[in-house]
Amino acid sequence: MLEELLNPGMYHYYDIPGIGFQPGSEVVTTHGLVERYHWQRSLNGGPKEPVTARQAEKSTGVKERRWANSTETVTSLAIAASKQALGIERMTPEETKPILDRVRLIIVNTSSPDSHLPGMAPAIAHTLGLVNAEVYDVRQACAALPYMLNMAIPMLESTKYGENDEALLISTDILSRVTDPYNYDTASLFADAAGALRLRKSRTRKLAYMQLESAGELADLIMIKPGQNHISMDGLAVYEEVNRRVPLVVQKFFNNTKLSMEDIDFVAFHQASGKVIDKLKKELHVPDRKTLNILHEYGNSSAASMIGVLKEAHESGRLDTGKKILLAGFGAGMEIGIGAIEWSMPNPHEPKKKRSYLIAFGHRLVSALRWPFHSASEDSVPLPQTKVAIAE
């Protein structure tokens, strides 16, 4: 409560009632790619040499990744992840209608759209049946989640949106279709997936603060160049710039929020590569217990990977209501998004009876704290009640 009074700009009225992650359906191993495409790489500027599967796995941290099959699209992955986040996978159209009607805002990030015009957001909204939603497309690549949160949370807080109105934040990519399979720097890492995060306007304030920066002069380090169909990437330069710039932005974030790593319960890194994540963990003093790596199983699926980390952490019981999460996104354009959010879905492994008791206790505590300052007269204005949002 004291933190909210001292730093009101860091706290906003939102909940996170749902999350979804849908990888491509084909499991593609590093060993299989090495056998098929005979990757080569140059070390320290020397001549190119063959890469073994063991070398590739050690260097990238990726043992296998998910690629879309021939029938899957950027849109279809986004729809699947969104249905998970909304909790409507097994519902009838009549059951889904009141849930879909609450979604008033949709923001979609992709670097590999099914079509370049129009944007992806209108098609995804139409396919889902989001008839009341405003739609936005962004292109923040791997850093997108903090950027989308920076847009959506203040928008939901505005008077334009009513209580319990919702937003859907989606990052969806099929990077395998814009990757040269013979290029070790990209094909050894990139994968296909969609992630969706559901936000709801709430009566309770939670931590939400984003520190966003970019370095456009370094745009050519990761780029689909004009006239080309594949991503080009200078892997070594990206590694060096990310590990130089991200800690500086994180420090700015801590300076501005007066928080420290000790205040953070969990860190969700963009799943860029094993070496990048290990280096950042060391530089930022992030212990293993405060983070999670899904890179070895799913590869680098751009910003969807960070949503995948959050979903895995939630489902494994690593996240619970009130946990403070640091988001660390970075990628093309050397865009960096560092942010903090507060989790509002309960631990799925905690017994419901215990959760109900804790919620009731919280309500009683709030009432007791209010009593000396609150008149019981009929015309008095009640203060917002503390509540916990349960995933749909």
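Being a predicted model, the structure only gives us computed values, none of them experimental.

Caption draft 1: Representation of unusual backbone geometry within the structure. A cis amide bond links L117 to the next residue, P118, at an omega of 0°. The backbone phi angle of H38 is positive, close to 50°, even though this residue is not glycine. Locating H38 in the fold gives a position in the loop between α2 (30–37) and β3 (40–42). The exposure class assigned to H38 is exposed, which follows from its relative accessible area of 58%. With phi around 60°, H285 is a residue other than glycine that occupies positive phi space. Considering the arrangement of structural elements, one finds H285 in the loop between α10 (274–284) and α11 (295–298).

Caption draft 2: Spatial organisation of the packing of aromatic side chains. According to the stated counting rule, one finds five aromatic pairs in the structure shown. Taking 5.6 Å as the distance between ring centres and 70° as the angle between the ring planes, the aromatic pair formed by W39 and Y184 counts as edge-to-face. Pair noted here: W39 is in the loop between α2 and β3 and Y184 is in helix α8 (residues 184–187), with a separation of 145 residues, a long-range link. Relative accessible area serves as the criterion here: at 7%, Y184 is assigned to the buried category. Taken together, a centroid distance of 5.9 Å and an interplanar angle of 50° make the contact between Y209 and F253 tilted. In this pair, Y209 sits in strand β9 (residues 192–213) while F253 sits in helix α9 (residues 235–257), placing the two residues 44 residues apart along the sequence. Among the aromatic residues, those joined into a cluster by ring pairs are Y209, F253 and F254.

Caption draft 3: Examining a negative patch on the surface more closely. A cluster of acidic side chains, namely D185, D220, D234 and E240, defines a negative patch on the protein surface. Tracing the chain through its elements places D234 in the loop between β11 (232–233) and α9.

Caption draft 4: Broad picture of the nonpolar core. Ranked by internal contacts, the top residues of the largest apolar core, which has 41 residues, are V242, V246, M261, F269, F330 and I338. Contributing elements (two or more residues each) for this core: α9, β12 (266–269), α10, β13 (324–331) and β14 (335–342). By residue number, the principal contributor to this core is α9, which donates eight residues. Not counting the four nearest positions on each side in its chain, F330 is found in contact with C142, A143, V242, V246, H270, A272, V276, L280, E335 and I336. If you look at the next biggest cluster of nonpolar residues, it comprises 40 residues, including I19, A152, I153 and L197.

Rules of the game
- All residue numbers refer to position in the chain's written sequence, counted from 1.
- Confidence filtering applies because this is a predicted model: local features only for residues at pLDDT of at least 70, side-chain atom pairs given and counted only at 80 or more, and all residues used for totals across whole chains, interfaces and linings.
- Computation of side-chain values covers all heavy atoms of the structure but excludes hydrogens and water.
- Secondary structure elements follow DSSP: runs of H or I of four or more residues count as helices, runs of E of two or more count as strands, with numbering from the N terminus.
- Exposure classes here rest on a 1.4 Å probe applied to the protein chains alone. A residue is buried below 20% of its type maximum, exposed above 50%, and partly exposed in between.
- Each pair of aromatic rings taken from Phe, Tyr and Trp, with Trp reduced to its six-membered ring, is defined by centres within 6.5 Å and is described as stacked if the planes are under 30 degrees apart, edge-to-face if over 60, and tilted in the remaining cases.
- Grouping into patches uses exposed residues only, defined as over 30% relative accessible area, and leaves out salt-bridged ones; the cut-off is 9 Å for like charges and 5 Å for nonpolar side chains (Val, Leu, Ile, Met, Phe, Trp, Tyr).
- Note that accessible areas follow from Shrake-Rupley with a 1.4 Å probe, and for residues the cover is restricted to the protein chains shown.
- We count a salt bridge whenever a side-chain nitrogen from Lys or Arg sits within 4 Å of a carboxyl oxygen from Asp or Glu.
- His is not counted, nor are the chain ends; Lys and Arg add positive charge and Asp and Glu add negative charge.
- In this description, the location of a charge corresponds to atom NZ of lysine, CZ of arginine, CG of aspartate or CD of glutamate.
- Nonpolar cores are built from buried Ala, Val, Leu, Ile, Met, Phe, Trp, Tyr and Cys residues. Side-chain atoms within 4.5 Å join them into one set.
- Only heavy atoms enter the contact rule, under which two residues are in contact if any of them lie within 4.5 Å.

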